[in-house]
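As a plain string of letters, each chain reads:
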Amino acid sequence: MQVGLTASSDKTSSQECERSCHCKYDYHSPNKSAVFHSTVMSSSSVVYLLLTLISLTLPSTCLPSESSSTATENTHVATNGLPFPWSKLRLPNYIIPVHYHLLIHPNLTTLRFNGSVKIEIDVKNNTNWVVLHSKNLEITAATVLDESEANLFDKALPVLDYPPHEQIAIFSPTILTSGEKYFLYLEFSASLNDGFFGFYKSSYKTTEGQTRVLASTHFEPTSARMAFPCFDEPNFKANYSVRIRRGPSHIALSNMPIEHTVELDNGLFEDRFEASVQMSTYLVAFIVCDFKSVSKRTVTGIDVSIYAVPHKWHQTHYALEAAVKLLEFYETYFNIYYPLPKLDLIAIPDFQSGAMENWGLTTYRETSLLYDPDVSSTSDKLWVTMVIGHELAHQWFGNLVTMEWWNDIWLNEGFARYMEFVSVEATYPQLKVEDYLLDTCFAAIGRDSLNSSRAISCSVENPTQIKEMFDTVSYDKGACILHMLRHFLTDDVFQSGIVRYLRKFKYRNAKNEDLWDSLVNTCSEEDFTSGQYCYSDTQATKNAYRFVGEHIDLKKMMCTWTLQKGIPLVTVKRQGTKLYIEQERFLKTVQPSDPLWQSMQTGYLWHIPLTYKTSHSNNEMRHILQIKSDVLVLDEDVDWVKFNTDMNGYYIIHYDAEGWNVLIELLKVNHSAVSFKDRANLIHNAFQLVTAGRLTLDQALDLITYLKSETHNVPLLQGLGYLESFYKMIEKRNIADITQNLKTYILQYFRDVIDKQTWSNEGTVSDRRLRSELLSLACDLGYTPCLEKAKHFYQTWVTSNGTISLPSDVTETIYMVGAQDENGWQYLLEKYGVSMSEAEKCKFLAALASSKDSSKLLRLLELGMEGSVIRTQDLSTLIYTVARNPAGHFLAWNFVKKNWNKLVEKFQLGSFSMRNIIIGTTAQFSSKEELANIKDFFDSVKDQSSQLRVTQVAVENVEKNILWLERNLETLRMWLQQRLN
């Protein structure tokens, strides 16, 4: 699943919109599940209910073994008042689903659906009970069938419902015998969900203004149970045969192609789909809509189709080209054919995350799939390509091989995030996607350098905890340690290792250690084709790799990166030809002088694959740091040494005073002596060390004075990004002299590069990205030539009634300048949403949220909450965007506090949207009063906030900002005065 863009680029207050995990808290679910329904309560039904009570005294062979002793001890009471027979959040493993036969009929007029499911089950232990998941479903019938599909009982079986665990239990008067084949048959109905999970309703308006309704699914991580009763855990893989009933004006889509369609007596059609491969419940998908599509076949015969609302059909062509190219790349790279006959990609008008990898039917937010060359920017094109690359990678990592449990979701998401870069770099090199990998790792470090971080592999149980696993740590840190590992092993060894992993565990589930085992075991192609998996006795001790003469236990090494939280700081001191290196845990909010320092350092040790270059080396040098400190000896005296070559490693480097001074001078005199990645890495490390109190701010600012000569956009934007983030935080604190001086310095120092930018779509992808960022910043800082140019474009566009095309890379900046005028803002609001692409809507919304009029900002937020003009899916981004505006800073936070319960109801606790809202509205608070305000609010909603680690992240971010200002405000004031004088 693609969770969307990082919410914040602020590098002092919130490196990213933190998406975090919680590992311990108990789950308290709303009691919203439907009560038990069956046939009319006859005397036979009463007997069955009495049997429910009697069953609690049956021998352990008749009950789930884990619960036989706890069912009467714990107070787990079903909605009908009877004891519920299972006490745990995880389902018992004594019944395994084999094949689901699912019938679904959504009514797009009444906005309800009904269905039935016949589940072939494999009984492992004798039992009277079947326990599975169901949430908000009205179960109208339940029974058990024998191997010949004959009904074992003449009456509907009782169903116990336990909403806190989202589970139901079906009682069988006859013991279900181990080794026998049975079918569980259930009928159910429910309303289409109003949110973004389960089986939910979406809608769009035609060009004529008519509202059309569709029904779509989103099940990851734990919402398949909202669409049909199921064993909703990733290790319960099964086959699925789906039937969908629909009207003649609609089409139905599911994971597999339609086998045939039957016309029913009532004017409905029933589409019957081919049986699926084995997969987890969260990957099942079905949609009923009236969309149009474009299609193309890959060289291996896979039919790829892109679906969208009819009037946006023309925006699907780029996605089709990219999907075909990327699918063909993955089949070659993984050396495993895509196993389904088709792959559909569909843009859903209402969609909370970025995209979802349902096997054979991937779903997307419209901005993540549709590309209009007339209005979409080069960044939009890159985003669409990367999201498609992400979801198609999941067809192998996640779908073919699935993590055993959600604690290892990084095996899905970390790989998919990293493969975005590998695949797009190979298929669309002109997009320069490698430039963005550094930003991904910078975002991960921003999260991981807080004590509220977590280990990549982290224990979770309940749905809220599971949702929080879809965060920066799983995605971005996961991608970065995989990049480090690939560089460490070499491309070929890494690729062959993950192919072994995919082949060994295909259609199965895997754990963290299974990946490392696959990478350290060597197998030949013949081993694979014969179905055998080799574990060579001839390998070095402990399956070790040889790394520059050192034997490395790869599994042990990688466990230091996945089973402990945080990121290492490596300190380098050079004395002659000797390099004294030492590692510790890098923390931004705790210093060695703090009482908590020692406890936060104890037990942390990484196996770090260090790389470095010197002034005299042509090749990269390597060393594994497996202990706290070590000494490296150079062959000769050198002028400088730079560690973490091209930032291929996931660690921070801190040099001694002389080491930093030499590097600062090197960048001033000959910055091209190190690569652009090394330059960006130095800038990032320096300012991270400033935040941690390990380097003075004036040293970091001196480091980036060379940027006037910088020709590559990555280090240039990295340095400018820090200056901009300082400006925004200090502006919000109303520190007038520093705000003005910092604005003056940025515009004076970077004036030449700003003035070189043209208001066009010309140039390379890198040129266009730089243009977009620089002109946006210049106009935001009130640079007169920029404002005049933007106003001219805006007035010309308004005069044409919005019919002329503006340069897409600077359209958002033009709209933002236009929105500062009363009439301009109102004009944009009136035009918003009228027959425009989602990319265009995003630009309009950003411009409207840039107004300095708080009443307008409040109106926007209210429109977002209401959901008709501004879609609910865009509300979290709108709140965050308003919060970044100095005029909306406190307004957004107060809006969140006032509407907290409504927001939780719309987006679900633990979701990316809620984390985006929490971090986005608090990210630039920087006073003790604001910190107290945040803590007080979280205390007032403690039943909910206590379940979330993101609240700890928000608090720690503000503490970090307070410390930064205390340490650096006066230094910044003096440095700016000296520079401007």
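Remember, predicted model here, so these are calculated numbers, not experimental data.

**Student:** Where do I start with the UniProt feature "binding site: Zn(2+)" (unreviewed entry) in the protein in this structure?
**Tutor:** When the UniProt feature table is mapped onto this chain numbering, "binding site: Zn(2+)" (unreviewed entry) sits at His390, His394 and Glu413. Look at the named residues: they lie 24 residues apart in sequence, but the longest C-alpha span between them is just 8.5 Å, so in the fold they bunch up. By secondary structure assignment, the location of histidine 390 is in helix α3 (residues 378–394). Residue class for histidine 390 comes out buried when judged on its relative accessible area of 0%. What histidine 390 contacts, discounting residues up to four positions off in sequence, is Met1, Gln2, Glu413, Ala416, Arg417, Glu420 and Tyr475. Checked against the element boundaries, glutamate 413 lands in helix α4 (residues 410–427). With relative accessibility at 0%, the residue glutamate 413 sits in the buried group. In this structure, glutamate 413 is in contact with Met1, Glu220, Glu357, His390, His394, Phe470, Ser474 and Tyr475, ignoring residues within four places of it in sequence. Among the polar contacts made by the side chain of glutamate 413, one reaches the main-chain amide nitrogen of methionine 1 at a distance of 2.7 Å.

**Student:** How should I be thinking about the side chain of histidine 684 in this particular structure?
**Tutor:** Relative to the assigned elements, histidine 684 resides in helix α14 (residues 676–691). A polar side-chain atom of histidine 684 sits 3.4 Å from a polar atom in the side chain of asparagine 685. With sequence-adjacent residues up to four places away left out, histidine 684 is seen in contact with Phe442, Ile445, Ile652, Gln718 and Tyr722.

**Student:** Which parts of the structure should I look at to understand the nonpolar core?
**Tutor:** Burial of nonpolar side chains together is a common tendency in soluble globular proteins. Judged by nonpolar contacts, the single largest core of 325 residues is most densely connected at Phe228, Phe231, Phe286, Leu345, Ile388, Phe643 and Phe750. Setting aside chain neighbours within four positions, we find phenylalanine 643 in contact with Val572, Leu579, Ile581, Leu610, Thr611, Tyr612, Leu632, Ile653, Tyr655 and Asn681.

**Student:** Before we go on, may I ask you to explain helix α13 (residues 657–670) in this structure?
**Tutor:** In a regular helix each residue adds 1.5 Å, so 14 residues correspond to 20 Å; α13 covers 20 Å between its end C-alpha atoms and thus fits that length. Those residues of α13 that fall on the buried side of the exposure criterion are Gly659, Trp660, Val662, Leu663, Ile664, Leu666 and Leu667. Considering only its buried residues, α13 is in contact with β29 (641–643), β30 (652–655), α14 and α15 (697–703).

**Student:** For this particular structure, what's the right way to read the pairing of strand β10 (residues 239–246)?
**Tutor:** Consecutive side chains along a regular strand alternate between the two faces of the sheet. β10 sits mainly inside the fold: six of its eight residues count as buried. Across six bridges, the pairing between strand β1 (residues 95–107) and β10 is parallel. Following the sheet pairing, leucine 102 is matched in β10 by valine 242. By the bridge criterion, four bridges tie β10 to strand β13 (residues 269–273) in an arrangement that is antiparallel. Opposite arginine 246, over in β13, you have phenylalanine 269 as the bridge partner.

The rules behind these values
- Residues numbered from 1 in each chain as written.
- Predicted model: local features only at pLDDT ≥ 70, side-chain atom pairs only at ≥ 80, totals over all residues.
- Heavy atoms only, no water.
- UniProt positions renumbered as here; feature names shortened; annotations may be inferred.
- Helix = DSSP H or I, 4+ residues; strand = E, 2+ residues; numbered from the N terminus.
- Buried < 20%, exposed > 50% of the residue type's maximum accessible area, 1.4 Å probe, protein only.
- Contact = heavy atoms within 4.5 Å.
- Polar contact = N/O pair within 3.5 Å; in protein donor to acceptor, adjacent residues only side chain to side chain.
- Core = buried A, V, L, I, M, F, W, Y, C linked by side-chain atoms within 4.5 Å.
- Expected span 1.5 Å × (residues − 1).
- Pairing = 2+ DSSP bridges.

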